Every structure is written in structure tokens, then in C-alpha cells.
Amino acid sequence: MRHFLCILVLVFGISSMGFSQSKSQNEFWQKISAHCGKSYEGKITSPGKNEGFDGEKLIMHVKSCSDKILKIPFMVGENRSRTWVLTNEADGIVLKHDHRLESGLEDSVTQYGGKATNGGNPNKQFFPADQQTCDLLDYACFNVWWITIDENTFTYNLRRVGTDRLFTVEFDLTKPVP
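Everything numeric here is computed off the predicted structure, so don't read it as measured data.

Peer 1: What am I meant to see in the environment of Ala129 here?
Peer 2: Within the secondary structure, Ala129 sits in the loop between β8 (124–128) and α3 (131–136). In this structure the C-alpha to C-alpha distance between Ala129 and Ala116, which are 13 residues apart in sequence, comes to 9.6 Å. Setting aside anything within four residues of it in sequence, one finds Ala129 in contact with Gly113, Ala140, Cys141, Asn143 and Trp145.

Peer 1: Please explain the state of the cysteines as it appears in this structure.
Peer 2: Here a disulfide denotes a covalent bond joining the sulfur atom of one cysteine to the sulfur atom of another. A full pass over the atoms with the stated rule returns two disulfides. One disulfide in the model links Cys134 with Cys141; its S-S distance is 2.0 Å. Taking the torsion about the S-S bond as the criterion, the Cys134 to Cys141 disulfide, at about 85°, is right-handed. Since its relative accessible area comes to 25%, Cys141 is described here as partly exposed.

Peer 1: Please explain unusual backbone geometry as it appears in this structure.
Peer 2: With the exception of glycine, most residues fall at negative phi, and the peptide bonds are largely trans. In this structure, Gln111 takes a positive phi of about 65° despite not being glycine. Its place among the elements puts Gln111 in the loop between β6 (92–99) and β7 (112–115).

Peer 1: What's the story with the packing of aromatic side chains in this structure? I'm lost.
Peer 2: The relative placement of two aromatic rings is captured by the distance of their centres and the angle of their planes. Tallied over the entire structure, the rule returns eleven aromatic pairs. Ring plane angle 15° and centroid distance 4.5 Å describe the contact between Trp84 and Tyr156, whose orientation is recorded as stacked. One end of the pair, Trp84, is in strand β5 (residues 79–89); the other, Tyr156, is in strand β10 (residues 153–160), with 72 residues separating them in the sequence. Using a relative accessible area of 3% as the deciding quantity, one classes Trp84 as buried. For Tyr156, a relative accessible area of 6% translates into the label buried. Aromatic pair Trp84 and Phe171: ring centres 6.2 Å apart, planes at 75°, arrangement edge-to-face.

How each quantity is defined
- Residues numbered from 1 in each chain as written.
- Predicted model: local features only at pLDDT ≥ 70, side-chain atom pairs only at ≥ 80, totals over all residues.
- Heavy atoms only, no water.
- Helix = DSSP H or I, 4+ residues; strand = E, 2+ residues; numbered from the N terminus.
- Contact = heavy atoms within 4.5 Å.
- Disulfide = S-S within 2.5 Å.
- Buried < 20%, exposed > 50% of the residue type's maximum accessible area, 1.4 Å probe, protein only.
- Phe/Tyr/Trp six-rings, centres within 6.5 Å; stacked < 30°, edge-to-face > 60°.

So far we have only geometry, and geometry alone does not tell us how the molecule works.
Below, the structure written as C-alpha cells:
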């Protein structure tokens, strides 16, 4: 935990500096883009109970890909309301969570997330909660999301700093599913 907090201090400290998108972020973007049109089954690898996720089939689909936006619907059983949206901006990558009602309209809790505050590396990007998230969900103000990707796995992770809350779902990129 101490090591993780040191990383967070570094991430938040660098966020006050201006920077342009790094080579690492471009490589990270390309690694995800290479999976466009493919779906993968995942499993929760974090400890503890995850209400609403445990026992459900978890599928991510890298569905919509451009140089500027990647949309990755995340299906939990029959629930298709979640999409991870990555936006490639000149000064970094933004992660937002797009939640929809069955009608297709935005849920009242949607568009929360954050911007990568440093260059990260080609396999991992951190997204600390932004002000929009803090305004929408005060309890999520200290959330940090991160995505990892390598040849075999994609992970989506959430840590709520100052709590035991950790959520990790890992997808096997070696086995696309229909």
C-alpha cells in the first residue's frame, strides 16, 4: 500500500505540469486499437465481493476506434449499460465512463473519470479522478483508474485511495469471443 501511495503522490504531483502527449501514450493507444472489432471475456481478479459483478459473464468489446476516440462497451451479464471511452487529446488520454439507461439516454451518473497526468508507459496509464467526477460523485474524488495492456491481457482497475476498495477485471487477449 505504501508503494501505491508513493506512486499516487508522483502521479498527482506531475499533473500540475503541462505536457504534450508522450510516445508511451501513443504506443498504449495503438496497443488497444489493434484489438478493434474484437471481444474478450474477463474475470474479476481483485479480492472481496463485487456486488453486481460476481457470478456474471464479463465481456469487453473494442467496438469503435479512431485516432481520437476508443469506445469499449463492458457487458456485465445482460447489462449493457457501461462503456469505457478513451479520448486521445493533445496533452494526454482521458478515460470516461459512459453509463446509459435501457432507452439509450444517459444515466444520471455518467461521464466520470479522469485524464492521464503523466506519460505513463506503453503498457499502463493512470487516470486520477477529475473535477467533473468530484462534482458528480464526492466519494469518487479520490478514485484512480488504470488500464494495463500487454500481448496477453487487458486489465481495468479502480482504487479508491484511503479505502480498501480495489476492483480489477482481467481480460484474456489470446482468446477472442464472438
